[in-house]
Each structure stands twice: as C-alpha cells, then as structure tokens.
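Survey of secondary and tertiary structure
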Amino acid sequence: MPEALYQIEDLSFVYGPVKAIDGLSLEIAPGLFHGIVGPNGCGKTTLLDLMVGTRRPAGGRVRLAGRDLHEYPRLELARRVALVPQEFALNFPFSVEETVLMGRHPHIPRFASPRAKDLEAVEAALEAMGVTELKAKRFGELSGGEKQRVALARALAQDAPILLLDEPTSHLDVNHALAVLATAERLVRREGRTVVAVMHDLNLAAAFCDRVIFLRRGRLHAEGPTGQALTTESLREVFGVSARVEWDDFAGARVVVFQKPGGAA
Amino acid sequence: MPPASHSAPPRGQGLRLTALTLALGALVVAAAGLGYIRIGPGEVLRVLGSSLPGLSGLGEGLDRLLFQVVLEVRLPRIITSAAVGSGLALAGVVFQGILLNPLADPYTLGVSSGAAFGASLALLLGLNFWGGATVSLLAFAGAALTLLTVLWLSSVDGRVDPHNLILSGVIVAAILSAGIGLIKYLADEQVSIIIFWLMGSFVSRTWGDAALTLGASLLGLAVFVYYARDLNILALGARSAAALGVETRRVRLVLLITASLVSGVCVAVSGIIGFVGLLIPHLMRLLMGPDNRGLLPASALAGAFLLLAADTITRAALPHEVPIGVLTAVIGGPFFCYVFRRRQMERGHA
C-alpha cells in the first residue's frame, strides 16, 4: 500500500449532544477507489465534510499530504479536493453551463474571465456526464437524476486529484449509475486520481471499489481491500443482515445476495 | 447553431448596462429641469458643465437663479434619491443572494424598521454625539441588531431557514413599529418631524445627505462587486460553496454587515422606502440573468432610476407631494404578492 494521502487521527465531531464521529482513525491511500459503507446516521456524510474541510473537527485531526487540513488556504484546498454533496439546491436561475463553470472557481482569478482551458474543462465534464445537450437549460428545471449528473460534472470541471462523492448514484437509474461509476473508475485507473465515495448499494461498491471502509456509530469498524473486507461477517456486524458474498462470472465482480428477513430456515 | 444560453452574453450585458446608464443620465437632466421653475435640458447641461473645473465659461449669460435652483436645490435631492434607490436595490440583491430567498429585502426583513427605530430614538432623545451622522449611526445599529434578531429567530439547528425568514422579519417589524409608535407618543413637539420622515421623503435634501448616501451606495457597490462571484457560488448552498473555495463565513459576514450599513444610511436619510430592493433585483434578473457581476451594477442603476423617477413625479407632476415611501409601497406591495404567489405555485409543482 502506497504512502497515505489522508491521515485521519482520533477524529471526533458532535452535533449538539450527538457524537457523529467518535474517535475515528483511518488512512486513505492515493490512486484508489474507496467506498465508505455503513448504516444510516453512522457519520458517512460528516466524515466527507471533515475531509473537505467544510467542518472543523471537535477533536483529533485530518491531514492531507502530511499537512493539517486547516493549514491550507480554502482555494488551494478546492484545487485538491472536490465534493459532490447529496443535495443540489440552486436558488437562482443559473444555466447548467454556468453551474458547471462554477467548478472552475478555484482556478480563475477573482476578476478574470474564464480562459479557453476553463471552457474546455467545462465541455469535457459535460460530455463525460452525458449532459452536454442540457447545458442551456436552467438547473432548476432538471430532473433529480439530471441534477446529480450536473453536480458530478461540476466536480469533474473542478479538476481536483481527490474526488469525494456522497452517494453519487442515489438519484440515478441503473444505466446512469453504472456509467457514472465507470467514469469515476476511469479517473482512478487512467489519471491516478483518488475517489472516496459513500456507497449505499453494496453490489455497486463490490463492483467498483478497491477498498471499503465500514463505519458504525461514528467509528471505524473495518477497512481493507474489498475482496477481504466485504464479507458475510462484516455485513452482519455492521448492518445486522444475513447476506452471501460470492464471485459472479456474469457480473465480473463479487455480488452480495441478501436474505429476506424471515425468508429462509 | 450557437447554443442558446439563459445568461446574456457579455456583449449584450455591456449594451444593457450602457443603456441603463444613459437612461439614468437623461433622467437626471430632465429632473433638474422640472419643477416650479422649468429649465430646458440645454440650460441644465450648461449649468452642470460650468461647475466642472475648466468649463466655467459654459455658464456665461445664464440667469444666476438657474444655478441656485439646479445646483443648490434640485441636485442634492436628485443625487440623494438616486443614491438611496441604488443602495436599497443593492442591499436587496445581496440579502436575497445570501439568505437564498427572493423575497428578502431591507423592508421585508425588518431591517428598515430597525433602522427607523434607531433613527427615531436619536430624533426623540435629540442625540448628537456624532454630529450630523448620529441619526445614521443609530439607524445602522438598529438595522444590524434587527438583522441579527431576525436571523436568530428564523434559524433551526444553527442554520437559517429561508422559509422562516420573511415571517420572522414581519414579526420583528411589527414589534418595532409598536416601539416607533411609543416614540411618536412620547415625542410631543418632534412628532410631526418623525412621522413625515418615517413615511419616506426627499424634501429639502442637502449636499451633506447627498454625499452620505452616495458614499454608502458606492461603498456597497464596490464591496458587493468584489464578492460577486462568491455570491454566485453561494447559490449552491454554503456546503458546496465552501468546497469550491469560498470563505463562506467571512463572505457572508462582510456582505451582511455592508448591506445593513447601506440600508441603515438610506433609511436614516430618507425614511422607510419599501419594496425597491424587491422589485428592482427581480426585474434585473429577467434583464441580465442571475450572475451577480452583471446583476449588481444593473440593479444599482435601475434602483437609482426608479426612485429618482418616483421622486420627480411627486415633486413636479403631482399637485401635492406624496411621501415617496407611500408611492413605492402602493406599487411594491402588489408586486410582492405576485412574486410570493408565483413561488407558492412553483413549490406546488415541484
């Protein structure tokens, strides 16, 4: 395993009386596709917020490339780490193209106009997410799945070596879900970028993630290569479900088969 | 075929800003000529031109009375009303952009009432510790305190809920108007001054008022344009904006303080003039698109145009001066209902 990109040490975060993250330590290696999995409310989204620096930890620390996250100027951090959150509100009638161009914000000086390479990055991102034909539309007029792909395009245009994705396929049909994750995988394999994605669908996690990070009640439960960490035992411990994890030739990946509660002897 | 874009191309935006500037310039000349003494545009331009260094020859042969009327009586009032219109429209754009609510403006947020309360208090107590700026200072303090209270009232779990915002603003404004009522009751001799000033008016403005409001509006414009791109990105919500490199806390704080200051100065000088900050940004978004880099200067120009036009009408066209705050409320109130109704319909469809 190469030297860690992120070093997270004894991290904690609280919302009022609730400990969302509770003494979590973790290292994240560069150039891999990491999946974060765990039950609702286990702190997955909070962990991403702490990794992009939009929240400050209550205790412990997050280091990126050896430096504490809060030593980075905001704009420099935005050139290194891109976040695609779960919600994509946009409150004024900006077009899709303008929305994706916002991803170039950390690269364009304050009073400068977008340069050719910024516009090229926007075109390429629109193309990669298959939303080029929507670019003149208003963001607010799009469907949930279209909005999600535009938000992903904005993060691609940001051109950061680290991509944090919060349930990137939650609004997508299976066809677009596979396409989006394949794009993310290509960024990892061909360009050496690092993807950390909160994954709800364990079969998609099994198919695309190099490593999985299991969170439970704000703590790290297990972490490791997908083939070793994603097991019947870990799924029972973390989610409390019965499941079989097996290689499937047709899928070309491991698949997770769940047992219906009370469905079998 | 070039793709159609909802945002106007930069060239089109430049043309529109130029057109707005020319319209405002023409209105200034017309307004300077209208009134009890009518003065033709040519003479107005000669009077204005002759006050510029090196051009004093332009004024030769003109009646000295014209100089008196244009430069001492009308121009301060013209500049004050235009600057107040700009300031209120700019504050509207910024409040809407930060609070993510298209119904937010200094009036609906209660900020104007807070400023009026502070200013009434200064008038009642005859406070004078900062000279002529004392009323403005108390108006700003009232505006800022009101904004803080409204934000606190409308926040859930430390985050401002845009849906509660206007309701909180109306509640706080209602309490403040009761307070202003009490001040009026206590004011005795000052009461007519306070009442007339509260209704909003540009009667007998001095060069001091003009300088104060123009300074505040220009300062506001400079600060707001500096942060215009950050304000665009804040439309994505604070979380996404921070992840894109926007210093969300600092940007919001600076913009909210500046917008309160601008609203406070406007109210201190001219009383409560409602709905300009709602009407103008909405119309300018239709003309210029949502990008604040074009929207802010366009709103400043259009706000100036609207209030100067309204003030000129009450001054020169109506048989009696109608307080301008009454005039804008008569136009702006129904407009608020229209925007509110449309938002409800959109939410119903979503």
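Residues numbered from 1 in each chain as written. Chains lettered and ligands numbered in written order. Predicted model: local features only at pLDDT ≥ 70, side-chain atom pairs only at ≥ 80, totals over all residues. Heavy atoms only, no water.

1. Comments concerning the overall build of chain B
- A count of helical and extended segments in chain B gives 14 helices and two strands.
- Against the globule reference of 20 Å for 350 residues, chain B gives a C-alpha radius of gyration of 21 Å, in line with a compact fold.
- In terms of principal-axis extent, the alpha carbons of chain B reach across some 65 × 65 × 35 Å.
- In chain B, buried positions account for 54% of the 350 residues.
- Across chain B, the fraction of contacts at a sequence separation of at least 24, relative to all contacts at a separation of at least 6, is 74%.
- When the accessible area of chain B is evaluated, it comes to approximately 15,500 Å², of which 69% is carbon and sulfur surface.
- Taking the average location of the 22 positive side-chain charges in chain B and that of its 16 negative ones, the two points are 10 Å from each other. (Helix = DSSP H or I, 4+ residues; strand = E, 2+ residues; numbered from the N terminus. Rg over C-alpha atoms; globule rule 2.2 N^0.38 Å. Buried < 20%, exposed > 50% of the residue type's maximum accessible area, 1.4 Å probe, protein only. Contact = heavy atoms within 4.5 Å. Areas by Shrake-Rupley, 256 points an atom, 1.4 Å probe, with all protein chains shown as cover. Lys, Arg positive; Asp, Glu negative; His and termini not counted. Charge placed at Lys NZ, Arg CZ, Asp CG, Glu CD.)

2. Re helix α12 (residues 276–288) of chain B
Residue and element names in this part refer to chain B.
- The end-to-end C-alpha separation of α12 is 17 Å, in line with the 18 Å expected for 13 residues at 1.5 Å each.
- The element α12 is extensively covered by neighbouring structure, given that ten of its 13 residues are classed as buried.
- Every buried residue belonging to α12 is among Val276, Gly277, Leu278, Leu279, Ile280, Pro281, His282, Met284, Arg285 and Met288, and all of these are buried.
- Looking at the residues trailing α12, positive phi occurs at Gly289, about 90 degrees. (Expected span 1.5 Å × (residues − 1).)

3. Structural notes on the sheet that holds strand β9 (residues 211–216) of chain A
Residue and element names in this part refer to chain A.
- The strand order across the open sheet formed by six strands is β6-β7-β8-β3-β9-β10, and the pairing between neighbours is mixed. Both edges of this open sheet fall to β6 (81–84) and β10 (219–225), since each of them pairs with a single strand only. Here the average twist between neighbouring strands, direction ignored, is 15 degrees.
- When strand β7 (residues 162–166) meets strand β8 (residues 194–198), the two strands line up parallel, connected through five bridges. The partner of Ile162 across the bridge, within β8, is Thr194.
- Sheet contacts for helix α5 (residues 144–158): β6 and β7; angle to β6, the most-contacted strand, approximately 175 degrees.
- Across the sheet, helix α9 (residues 232–239) lies against β3 (33–37), β9 and β10, angled at about 30 degrees from β9, the strand it touches most. (Pairing = 2+ DSSP bridges. Axes fitted to C-alpha atoms, helices over the stretch in contact; angles between N-to-C directions.)

4. Observations regarding the pairing of strand β12 (residues 253–258) of chain A
All names here are of chain A.
- Relative to β12, strand β11 (residues 243–248) is paired through six bridges, and the arrangement is antiparallel. Following the sheet pairing, Asp248 is matched in β12 by Ala253.
- Hairpin connection, β11 to β12: the antiparallel pair is bridged by four residues, and Gly252 has positive phi, about 70 degrees.

5. Observations regarding the confidence of the model for chain B
- With 95% of its residues at a pLDDT of 70 or more, chain B has an overall mean of 87.
- Looking at the elements of chain B, mean pLDDT is at its lowest for strand β2 (residues 159–160) of chain B, recorded as 73, and at its highest for helix α9 (residues 228–234) of chain B, recorded as 95. (pLDDT = per-residue confidence, 0-100.)

6. Notes on the sheet that holds strand β2 (residues 18–28) of chain A
All names here are of chain A.
- Strands sit in the order β2-β1-β4-β5 across an open sheet of four strands; the sheet is antiparallel. Of all strands in the sheet, those bounded by a partner on one side alone are β2 and β5 (67–68).
- With two bridges connecting them, strand β4 (residues 59–64) and β5 associate as antiparallel partners. Bridge pairing links Leu64 to Arg67 in β5.
- Packing of helix α1 (residues 44–52) onto the sheet brings it into contact with β1 (6–15), β2 and β4, and relative to β1 it is tilted by some 120 degrees.

7. Let's talk about the pairing of β10 of chain A
Residues and elements named next belong to chain A.
- Bridge analysis of β9 against β10 gives six bridges, and the strand direction is antiparallel. Note that in β10 the partner of Leu215 across the bridge is Leu220.
- The hairpin turn running from β9 into β10, its antiparallel successor, is two residues long, and Arg217 in that turn takes a positive phi close to 50 degrees.

8. Considerations on the interface of chain B and chain A
- Tallying the contact residues gives 29 residues for chain B and 37 residues for chain A.
- Between chain B and chain A we count four salt bridges in total.
- One salt bridge connects Glu87 of chain A with Arg239 of chain B, and the closest N-O pair in it is separated by 3.1 Å.
- Listed by contribution, the elements that provide at least two residues to the side of chain B that touches chain A are α3 (64–99), α8 (207–226), α9 and α10 (238–243) of chain B.
- The residue inventory of the side of chain B that touches chain A, partitioned by class, reads 14 nonpolar, eight polar and seven charged. (Salt bridge = Lys/Arg side-chain N within 4 Å of Asp/Glu carboxyl O. Nonpolar A, V, L, I, M, F, W, Y, C, P; charged D, E, K, R; others polar.)

9. Considerations on the side chain of Asp118 of chain A
Residue and element names in this part refer to chain A.
- Here Asp118 shows up in helix α4 (residues 116–128).
- Residue classification places Asp118 among the buried positions, given a relative accessible area of 0%.
- Polar side-chain contacts of Asp118 include one of 2.9 Å to the backbone nitrogen of Arg115.
- The contacts of Asp118, once residues within four sequence positions are left out, are Arg104, His107 and Ile108. (Polar contact = N/O pair within 3.5 Å; in protein donor to acceptor, adjacent residues only side chain to side chain.)

10. Digging into the pattern of salt bridges
- The final tally for this structure, using the stated rule, is 22 salt bridges over all chains.
- One salt bridge connects Asp230 of chain B with Arg110 of chain A, and the closest N-O pair in it is separated by 2.8 Å. Residue Asp230 of chain B is located in helix α9, and its partner Arg110 of chain A is located in the loop between α3 (96–101) and α4; the two belong to separate chains.
- A residue is classified by how much of its surface remains accessible, and Arg110 of chain A, at 30% relative accessible area, is partly exposed.
- Between Arg189 of chain A and Glu185 of chain A there is a salt bridge, with the nearest N and O atoms lying 3.8 Å from each other. In this pair, Arg189 of chain A and Glu185 of chain A are both assigned in helix α6 (residues 174–191), four residues apart and thus about one turn of the helix distant.
- It is possible to trace a salt-bridge network through shared partners that takes in Asp49, Arg55, Glu87 and Asp166 of chain A together with Arg239 of chain B.

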